[in-house]
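Coordinates in review
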Amino acid sequence: MILLTNKERASTTLPNFVSDWFEGIEANYPNYKVKEASGNSLKPVSKGWFLKAHNAVGITFEIGDKTPKENIELIGNIAATQMMELLLDTKN
């Protein structure tokens, strides 16, 4: 799995979201390190659109074609849970 992110974060609505989310994923997935590739997309893709249209981080979540189904289910559940915990945290 690789997460494609935007480099621009400081001026977004949730500037610490990406690092906090990745930390949450790694803390709940034993022996796992998030693989990130970042760049500011100027192409018509979702992560670039979120950045330009909404001043929000956009992340493309890519999983390999040969990734075992049980791994996809596990990382999907962990990533979704961690994301929702961050988004529902009223201290942010």
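Scroll up to find the structure.
Below is a summary of the structure that appears in this document. Not measured: the values here are computed from a predicted model.

A short note on the packing of aromatic side chains
All told, the structure shown has five aromatic pairs when counted by the stated rule. Where phenylalanine 17 meets tryptophan 21, the ring centres are 5.7 Å apart and the plane angle is 20°; that geometry is what we call stacked. A residue pair is termed a helical-turn pair when its members lie 3 or 4 positions apart in one helix, as phenylalanine 17 and tryptophan 21 do in helix α1 (residues 17-28) at four residues. Considered together, phenylalanine 17 and tryptophan 21 belong to a single accessibility category, that of buried residues. Between the aromatic rings of tryptophan 21 and phenylalanine 61, the centroid separation amounts to 6.5 Å while the plane-to-plane angle is 40°, which identifies the pairing as tilted. Of this pair, tryptophan 21 sits in helix α1 while phenylalanine 61 sits in strand β3 (residues 59-62), and the two are 40 residues apart along the sequence. On the accessibility criterion, tryptophan 21 (3% relative accessible area) is buried. Here the aromatic cluster, defined as three or more aromatic residues joined through ring pairs, consists of Phe17, Trp21, Phe22 and Phe61.

So, how was this worked out
Residues numbered from 1 in each chain as written. Predicted model: local features only at pLDDT ≥ 70, side-chain atom pairs only at ≥ 80, totals over all residues. Heavy atoms only, no water. Phe/Tyr/Trp six-rings, centres within 6.5 Å; stacked < 30°, edge-to-face > 60°. Helix = DSSP H or I, 4+ residues; strand = E, 2+ residues; numbered from the N terminus. Buried < 20%, exposed > 50% of the residue type's maximum accessible area, 1.4 Å probe, protein only.

The quantities given are spatial measurements derived from coordinates; they are silent on function.
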